[in-house]
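Listed below are the residues making up each chain.
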Amino acid sequence: MIWLTRHKFNVYLRLIRFDRPVGTVLVLMPTLWSLWIASDGKPSIKLLAIFTIGSFLMRSAGCVINDIADRKIDPQVQRTKARPIASGEVTVKEGVILFAILSVLAFLLVMMLNPFTILLSVIGIFLAIVYPFTKRIISTPQLVLGISFGWGVIMAWVAVKDKIEFTPLLIFTANIFWSLAYDTIYALMDREDDMRIGVKSTAILFGQYVWLAFGLSCISFLLFLLWTGILAHLHTLYFISLLITGIFISVQVYQLKRNTAPEIAFKLFKNHGLFGTFIFIGIALDYLFR
C-alpha cells in the first residue's frame, strides 16, 4: 500500500506543512491566550494537551482541504505548483482520506470536553472546509480565515467556562484583524499570479495601500487585545508585550510601504508567529508573577 511507504509518508508531511509550523503557531497562540485567561493562568494539563494537539491536527486538516480545493489553481502559481496534490504526488482521494483521519482525530480529542465545546467543534470543521472556496467568491477571504483560525479561542473558553462571554469575543475579534493583516502580506507572494488566474485576496483589493490596510488591521488587533487586558484585569507584563509587539509591527508597516516584494512579504509574515508567542508569554508571565 502506497500509504505505508516511507516516501509517501514524507509526502503527506509536506502536504500538511509539517516543515512550516508557523501556521500551527498562528492557530495555537490565540487559543492559548483564551485558555490562559479563562483559567486564571492555571489551565489543566488535559486542556493544554487537547488544544495544543487539536490546533496541530486542524491546521493540518485545513492545509489538506485547501490543497484539494486549489488543485487546479496551484499548478498555475509559481510558489504552489510543487505542492503534493497539484503535482500529482497525492491523489484527491488520498487527500480526502487524510483530511477525514485528521478531522476524526481532532474530534476524538474534543469528545473529552463538555457538550457545548463538542458542538462548537462541528462548526470549526465546517469553517475549515468552507474557507478555501471563498477565494473564488469574495475579495476578503482573509476574514474567513480569521474566523476559522480563531475558532479555537471560543472553544477554549467554553471548555473552561461552559459558556461564551464577552472576553473571548474580544480575543476572537482581535484575531480576525490579526489574520487579515498577516494573511494579506502572505497573499502578496502570489498577487501577480492570483490576478492573472482570477483568485481574490485582500492583497489585490488593497493594491498600493496594502501597507495602510495592514497597519490599520494591526492597530485594531492591538486595541482589541488592550480591551481584553483591561476587562480581564491583566497587569504590566501583558501590556508591555502588546507595546513591544506594536513597535515591531510599526517597523513592518514601514517596510511594506517601501517594498512589497514576495521575499520581503514572506519574512514579515513569519514574524507574526513570534508576535503571537510573545503576547502569550506576556499573558503567562502576568499570571505567574501575581
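Everything numeric here is computed off the predicted structure, so don't read it as measured data.

A.B. asks: How should I be thinking about unusual backbone geometry in this particular structure?
C.D. replies: Note: most residues except glycine have negative phi, and most peptide bonds are trans. Of note, Arg 17 is a non-glycine position whose phi angle comes to about 60°, a positive value. As for its placement among the helices and strands, Arg 17 is situated in the loop between helix 1 (6–15) and helix 2 (22–38). The backbone of His 233 shows a phi angle near 60°, a positive value even though the residue is not glycine. Considering the arrangement of structural elements, one finds His 233 in the loop between helix 11 (210–231) and helix 12 (236–258). Under the relative-accessibility criterion, His 233 is labelled exposed at 58%.

A.B. asks: I would appreciate a short explanation of the environment of Pro 132 in the present structure.
C.D. replies: Tracing the backbone shows Pro 132 in helix 6 (residues 115–134). Put simply, Pro 132 and Leu 225 are 93 residues apart on the chain and 27 Å apart in space, counted from C-alpha to C-alpha.

A.B. asks: Teacher, can you tell me more about a nonpolar patch on the surface here?
C.D. replies: A cluster of nonpolar side chains, Leu 237, Ile 240, Leu 243, Ile 244, Ile 247, Phe 248, Phe 278, Leu 288 and Phe 289, forms an exposed patch at the surface whose accessible area comes to about 880 Å². For the nonpolar patch, the secondary structure elements donating two or more residues are helix 12 and helix 13 (262–288). The leading source of residues in the nonpolar patch is helix 12, at 6 residues. Considering the arrangement of structural elements, one finds Ile 244 in helix 12.

A.B. asks: Looking at this structure, how should I read the packing of aromatic side chains?
C.D. replies: Each pair of aromatic rings is reported with the distance of its centres and the angle of its planes. Evaluated as defined, the whole model comprises 15 aromatic pairs. Centroid distance Tyr 186 to Phe 269: 4.6 Å. Interplanar angle 55°. Geometry classified as tilted. Of this pair, Tyr 186 sits in helix 8 (residues 166–187) while Phe 269 sits in helix 13; the two residues are 83 residues apart in sequence, bridging distant segments of the chain. Judged by its relative accessible area of 7%, Phe 269 is buried. Ring pairing ties together the aromatic residues Trp 33, Trp 178, Tyr 182, Tyr 186, Phe 221, Phe 266 and Phe 269, which thus form one cluster.

A.B. asks: Is there a simple way to explain the environment of Ile 37 in this structure?
C.D. replies: One can find Ile 37 in helix 2. Of the residues examined, Ile 37 reaches a relative accessible area of 5% and is grouped as buried. Contact partners of Ile 37, with chain neighbours within four places excluded, come to Trp 157, Thr 167, Ile 171, Thr 228, Ala 232, Leu 234, Ile 283 and Tyr 287.

The rules we used
Residues numbered from 1 in each chain as written. Predicted model: local features only at pLDDT ≥ 70, side-chain atom pairs only at ≥ 80, totals over all residues. Heavy atoms only, no water. Helix = DSSP H or I, 4+ residues; strand = E, 2+ residues; numbered from the N terminus. Buried < 20%, exposed > 50% of the residue type's maximum accessible area, 1.4 Å probe, protein only. Patch = residues over 30% accessible without salt bridge, like charges linked within 9 Å, V, L, I, M, F, W, Y side chains within 5 Å. Areas by Shrake-Rupley, 256 points an atom, 1.4 Å probe, with all protein chains shown as cover. Salt bridge = Lys/Arg side-chain N within 4 Å of Asp/Glu carboxyl O. Phe/Tyr/Trp six-rings, centres within 6.5 Å; stacked < 30°, edge-to-face > 60°. Contact = heavy atoms within 4.5 Å.

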